[in-house]
Amino acid sequence: MPAEPYSALAAGYDLVMAHVDYDAWAAYLFDLLRRYGNDVDRVVELGGGTGSLARRLQPLGEYEYVLSDGSTAMLARAREKVRRDDAPIRCVQANFTDVSRATLDLEGSADAVILVYDGLNYLLDEADVQALFRNVHQLLRPGAVAIIDQSTPANSQAHHDEFVDEGAAEQFSYVRENHYDPETRRHETVFDITVDGEHRIERHVQRAYSRHEVRSLLGASPLAIEAAYDSLTTDPADDDSYRVHWVLRRPQ
Ligand SMILES: C[S@@+](CC[C@H](N)C(=O)[O-])C[C@H]1O[C@@H](n2cnc3c(N)ncnc32)[C@H](O)[C@@H]1O
C-alpha cells in the first residue's frame, strides 16, 4: 500500500527541492508584503513543509511567524530546522481546508497569510479550494493580504510530462516518475523512496487548475484580488505562465 504523501518523502524533501531558490522566493514575497501589506507583523504560512521558506522570510521582516503544515513528518523536519536556527518560528500542524485561528492557537488575526509551491494544487475538489479561501479570509484581519501561488497546466505540460529523476544523500534515495494527463489535468508523481534501508512508495496527485478557474473560485470567495503575477515577477500572469502568484486582500 502506498505511504501517505509527505510521510517517507519528508526525510529527503530538502534534497528533492535543492533546485529551488528559496532565498529569491523569500525576497520576492517580502517585497510583495512591503508593497501590499500594511504593518505586517504576524505572518501565517500554510503548507509550509519543512520550513525552507519560513527560515528565510521570517528574518527579513522580523515577523512573528507561524508555520503550519498538514503532514506530521514534514512539520517534524521543520521543527528540527527551526530549533537548529534558534528561529522565532512557531510550528503547528493544520490542514488548510480546516484551519482557523483556534487550530493555530492565534491570539487575534494574521497580518499576512502565505501559501506557496503547489499547496493549492493538492486540493483536487473545488469545494476544498473554496474552503481554503474562506479559511484564509477568516485568519486575516480586515485589510490584510494573502499571497497564494498555483502551478498551471502550462507548467505541468512543459516540465512534468513523463519525466523521471532520482537523487541520493546519506540514508535517503528516491526515484521520481511524473505523469500529466492534459485531458483530466491530473498530475501524478510517484516517488520510489528508500529511507534508512526501508522501501516506500508515495503517490502524489495534483490538479493543474487554470488561472481562469482559480480567478473564478476567488470571485466567489470573500477575498479581493489585488494582483495575479507571473512566477517570481511583477508581470501580469497570462496563459503561458507556469506559476501564478495571487495577491489577495480581506476587504475592510
Ligand atoms: C510541494 S510541498 C511545498 C512545501 C513548502 N511550501 C515549500 O515551498 O517547500 C506541499 C506541502 O503542502 C502540504 N499540504 C498539502 N495539502 C495540505 C493540506 N490540505 N493542508 C495542509 N498542508 C497540506 C504538504 O504536506 C506539503 O508539505
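These numbers come from a predicted model, not from an experiment.

S.K.: Would you explain the sheet that holds strand 11 (residues 243-249) in this entry?
M.R.: The strands that make up a sheet pair up through hydrogen bonds in the backbone, lying either parallel or antiparallel. With mixed pairing, 7 strands are arranged side by side in an open sheet as 3-2-1-4-5-11-10. Looking at the sheet topology across the chains shown, the edges are occupied by strand 3 (89-93) and strand 10 (224-230). Sheet twist, expressed as the mean angle between neighbouring strand axes with direction ignored, is 15°. Bridge analysis of strand 4 (residues 110-115) against strand 5 (residues 140-151) gives 5 bridges, and the strand direction is parallel.

S.K.: Would you explain the site of the ligand in this entry?
M.R.: The environment of the ligand is made up of 16 residues, and the closest members are Tyr-22, Gly-47, Asp-69, Phe-96 and Val-116. One nitrogen or oxygen atom from the side chain of Tyr-22 is found 2.6 Å from an oxygen atom belonging to the ligand. Contact between the ligand and Gly-47: a nitrogen atom at 2.8 Å from a main-chain N or O atom of the residue. Coverage of the ligand by the protein amounts to 92% of the 590 Å² it exposes when considered alone. For the shell around the ligand, the class distribution of residues is 9 nonpolar, 6 polar and 1 charged.

S.K.: Explanation requested: the packing of aromatic side chains in the structure shown.
M.R.: Tallying each qualifying case throughout the model produces 7 aromatic pairs. Aromatic side chains Trp-25 and Tyr-117 sit 5.3 Å apart centroid to centroid with 50° between the ring planes, which places their arrangement in the tilted category. On the criterion of sequence distance, the pair formed by Trp-25 in helix 2 (residues 22-36) and Tyr-117 in the loop between strand 4 and helix 5 (126-139) is long-range, its members being 92 residues apart. By the ring-pair criterion, three or more aromatic residues cluster together here, those being Tyr-6, Tyr-13 and Tyr-122.

S.K.: Just checking my understanding: could you explain the packing of helix 5 against helix 7 (residues 211-219) for this structure?
M.R.: Describing two packed helices takes the angle between their axes plus the distance from one axis to the other. At their nearest, the axes of helix 5 and helix 7 sit 10 Å apart, and the two run at 55° to each other. With respect to their mutual orientation, helix 5 and helix 7 come out oblique. For the pair helix 5 and helix 7, the crossing hand works out as right-handed. Within the contact between the two elements, helix 5 uses Glu-126, Val-129, Gln-130 and Phe-133 and helix 7 uses Glu-213, Val-214, Leu-217 and Leu-218. Looking at the contact of helix 5 with helix 7 residue by residue, the classes come out as 5 nonpolar, 1 polar and 2 charged.

S.K.: Can you help me understand the pattern of salt bridges in this one?
M.R.: Should their charged atoms come close, side chains of opposite charge can pair. Under the criterion given, the structure shown has 15 salt bridges. Salt-bridge contacts for Asp-85 lead to Arg-55; the nearest nitrogen and oxygen are separated by 2.8 Å. Of the two residues, Asp-85 sits in helix 4 (residues 72-85) while Arg-55 sits in helix 3 (residues 54-61), which places them 30 residues apart along the sequence. It is possible to trace a salt-bridge network through shared partners that takes in Glu-126, Arg-185, Arg-207 and Glu-213.

Basis of the calculations
Residues numbered from 1 in each chain as written. Predicted model: local features only at pLDDT ≥ 70, side-chain atom pairs only at ≥ 80, totals over all residues. Heavy atoms only, no water. Pairing = 2+ DSSP bridges. Helix = DSSP H or I, 4+ residues; strand = E, 2+ residues; numbered from the N terminus. Axes fitted to C-alpha atoms, helices over the stretch in contact; angles between N-to-C directions. Near = heavy atom within 4 Å. Polar contact = N/O pair within 3.5 Å; in protein donor to acceptor, adjacent residues only side chain to side chain. Areas by Shrake-Rupley, 256 points an atom, 1.4 Å probe, with all protein chains shown as cover. Nonpolar A, V, L, I, M, F, W, Y, C, P; charged D, E, K, R; others polar. Phe/Tyr/Trp six-rings, centres within 6.5 Å; stacked < 30°, edge-to-face > 60°. Parallel < 35°, antiparallel > 145°, perpendicular 65-115°, else oblique. Left-handed = near helix turned anticlockwise from the far one by under 90°. Contact = heavy atoms within 4.5 Å. Salt bridge = Lys/Arg side-chain N within 4 Å of Asp/Glu carboxyl O.

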